[in-house]
Amino acid sequence: MSLQGKTIVITGTSSGIGAEVAKLARFQGAKVIGVDRNDPSLTLDGFVKADLSSPAAIDAAVAQLPAQFDALCNVAGVPGTASGELVANVNYLGLRHLTEQALGRISRGGSIVNVSSILGYEWPKRLDLHKELATTKGFETGAQWLKEHPVAHETCYQYFKEALIVWSTVQSQKWFLEKGVRMNCVAPGPVFTPILGDFVQMLGQERVQADAKRMLRPGFADEIAPVIAWLCSDAARWVSGANIPVDGGIASTYL
Ligand SMILES: NC(=O)c1ccc[n+]([C@@H]2O[C@H](COP(=O)([O-])OP(=O)(O)OC[C@H]3O[C@@H](n4cnc5c(N)ncnc54)[C@H](O)[C@@H]3O)[C@@H](O)[C@H]2O)c1
């Protein structure tokens, strides 16, 4: 696999999984432009500081991106210990807005990778709702729909990861056919990054201990990054509309 000659925009590069994807993509020959609300602590080829919960800030960030690039990795995210509104805005509405605004700059043969989660695994239970939300046009219309269809705070992280999987799946083929741009999700299980503690707090000890018996250990960010990088590469040119678990097998135990 090579990313030689590619320019890749990655969100969430200032920590955890996003930082590992950036490091690996540069090692594979790509130029990496990071986008994050915090300053990066690794070498990048470009960096745009932006709050990805705000459509105006996203528009300003997109204006600073290269006129053309090859892949967009939407890695930035917040855990369910944040407010429900912030989770909705960063993990779903903002991600969708950034992707839609950036799409015209992604070259034919390009790739979009969205980081979902094992916690989005139960999307089929709420498919109709997620499909309805997926048809809302733009950040504000999506936010209005959510006011009319409120989401419980305790499960908002799961809800918006489910919604992300459904939006990515239903939207992907249109863009692949029209623009030649693929879109996929990568669904990590628990990963040792700074937000793992928030997930423990969010899910409670009982669920965490039950999940611990289903897997060897939580993953490392450098075990998630290669799958994201591969999806950006030409080796994955026929992969689109997928949600790929990278979770040490935990998803297989939910059947
Ligand atoms: N760590 C896990 O166990 C786990 C499991 C499944 C999925 N995920 C998902 O992986 C992705 C990366 O998470 P991580 O574990 O690397 O967490 P992390 O906290 O280490 O990194 C998240 C990054 O997103 C950035 N970010 C958050 N809100 C932002 C905003 N409003 N504007 C701009 N940047 C913002 C942060 O500054 C940070 O750099 C997230 O989408 C998360 O939901 C994580």
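For the structure itself, look to the data block above.
First things first, this report covers the structure right here in the doc. These numbers were taken from a predicted model, which means no experiment stands behind them. Position labels on residues start from 1 in each chain and follow its written sequence. Confidence filtering applies because this is a predicted model: local features only for residues at pLDDT of at least 70, side-chain atom pairs given and counted only at 80 or more, and all residues used for totals across whole chains, interfaces and linings.

## Focus on the overall build of the chain
- Only runs of H or I of at least four residues qualify as helices and only runs of E of at least two qualify as strands under DSSP, and these elements are numbered from the N terminus. The secondary structure content of the chain amounts to nine helices and nine strands.
- Only C-alpha atoms enter the radius of gyration, while the globule expectation follows 2.2 Å times N to the 0.38, with N the number of residues. In summary, the chain has a C-alpha radius of gyration of 17 Å against a globular reference of 18 Å for 255 residues, a match within 12%.
- In terms of its C-alpha atoms, the chain occupies a principal-axis envelope of roughly 45 × 40 × 35 Å.
- Looking at the chain residue by residue over its 255 residues, the buried ones come to 48%.
- Contacts here follow a simple rule: the backbone-placed C-beta atoms of the two residues must lie within 7 Å. Sequence-distant contacts in the chain: of pairs separated by 6 or more residues, those separated by 24 or more amount to 76%. To assign burial, the other C-beta atoms lying within 10 Å of each residue's own C-beta are counted, with C-beta atoms placed from the backbone; 20 or more indicates buried, 12 or fewer indicates exposed, and intermediate counts indicate partly exposed.

## Thoughts on the sheet that holds strand S3 (residues 46-49)
- As summarised here, the arrangement of the seven strands in space is S3-S2-S1-S4-S5-S6-S9, forming an open sheet in which the pairing is parallel. The sheet is open, and its two edges are formed by S3 and strand S9 (243-246), each paired on a single side. The mean angle between the axes of side-by-side strands here comes to 20 degrees, regardless of whether they run parallel or antiparallel.
- Bridge count for strand S5 (residues 106-115) against strand S6 (residues 182-188) is five bridges, and the pairing is parallel. Within S6, the residue paired with Ser111 across the bridge is Arg182.
- The strands touched by helix H3 (residues 84-102) are strand S1 (7-11), strand S4 (69-74) and S5; relative to S4, the strand with the most contacts, the crossing angle is about 175 degrees. Two strands make a pair as long as DSSP finds a minimum of two bridges between them. Between N-to-C directions, angles cover 0 to 180 degrees, with each direction set by a line fitted to C-alpha atoms, over the stretch in contact for helices.

## Some details on the packing of helix H4 (residues 127-134) against helix H6 (residues 156-179)
- Close contact between H4 and H6 brings their axes to 9 Å; oriented N to C, the two are set at 60 degrees. The handedness of the crossing between H4 and H6 is right-handed. Of the residues in H6, those in contact with Leu127, His130, Lys131, Leu133 and Ala134 of H4 are Glu162, Ala163, Val166, Trp167, Val170 and Gln171.
- Ten residue types, Ala, Val, Leu, Ile, Met, Phe, Trp, Tyr, Cys and Pro, are classed as nonpolar, four, Asp, Glu, Lys and Arg, as charged, and the remainder, Gly among them, as polar. Tallied by class, the residues present in the contact of H4 with H6 amount to seven nonpolar, two polar and two charged. Handedness of a crossing is defined here by the sense of rotation of the near helix relative to the far one, left-handed for an anticlockwise turn of less than a right angle and right-handed for a clockwise turn.

## Quick notes on the pairing of S1
- For S1, the tally of buried residues reaches five of five residues, placing the bulk of the element in the interior.
- Here S1 shows two buried faces, one formed by Thr7, Val9 and Thr11 and the other by Ile8 and Ile10.
- Where S1 meets strand S2 (residues 31-36), five bridges bridge the pair, whose relative direction is parallel. Opposite Thr7, over in S2, you have Lys31 as the bridge partner.
- This β-α-β element, S1 to helix H1 (residues 16-27) to S2, shows right-handed connectivity. Orienting the strands away from the viewer, one traces the path from the first strand over the helix to the second; a clockwise path indicates a right-handed crossover.

## Overview of the site of the ligand
- Lining the immediate environment of the ligand, one finds 27 residues, of which Gly12, Ser15, Gly16, Gly77 and Thr193 sit closest.
- If you list the elements that add at least two residues to the shell around the ligand, you get H1 and helix H7 (196-203).
- Split by residue class, the shell around the ligand holds 14 nonpolar, 10 polar and three charged. Placing a C-beta atom from the backbone of each residue, we mark the residue near a molecule or strand if the atom is within 6 Å of it.

## What about the environment of Pro66?
- Mapped onto the fold, Pro66 is located in the loop between helix H2 (55-63) and S4.
- C-alpha of Pro66 to C-alpha of Ser53: the two residues are 13 residues apart in sequence and 21 Å apart in space.
- The residues touching Pro66, leaving out its near neighbours within four places in the chain, are Thr7, Ile33 and Arg105.

## Some details on the packing of H3 against helix H5 (residues 139-148)
- Close contact between H3 and H5 brings their axes to 9 Å; oriented N to C, the two are set at 145 degrees. Pair H3 / H5 crosses with right-handed handedness. Along its contact with H3, which presents Ala88, Leu93 and His97, the element H5 presents Phe139, Gly142, Ala143 and Leu146.
- Residue composition of the contact of H3 with H5, grouped by class: five nonpolar, two polar and no charged.

## Thoughts on the environment of Gln173
- Looking at the element boundaries, Gln173 is found in helix H6.
- Using a count of 13 C-beta atoms within 10 Å as the deciding quantity, one classes Gln173 as partly exposed.
- For the pair formed by Gln173 and Ser240, sequence separation is 67 residues and the distance between their alpha carbons is 7.3 Å.
- Among all residues touching Gln173, those that are not within four sequence positions of it are Ser240 and Gly241.

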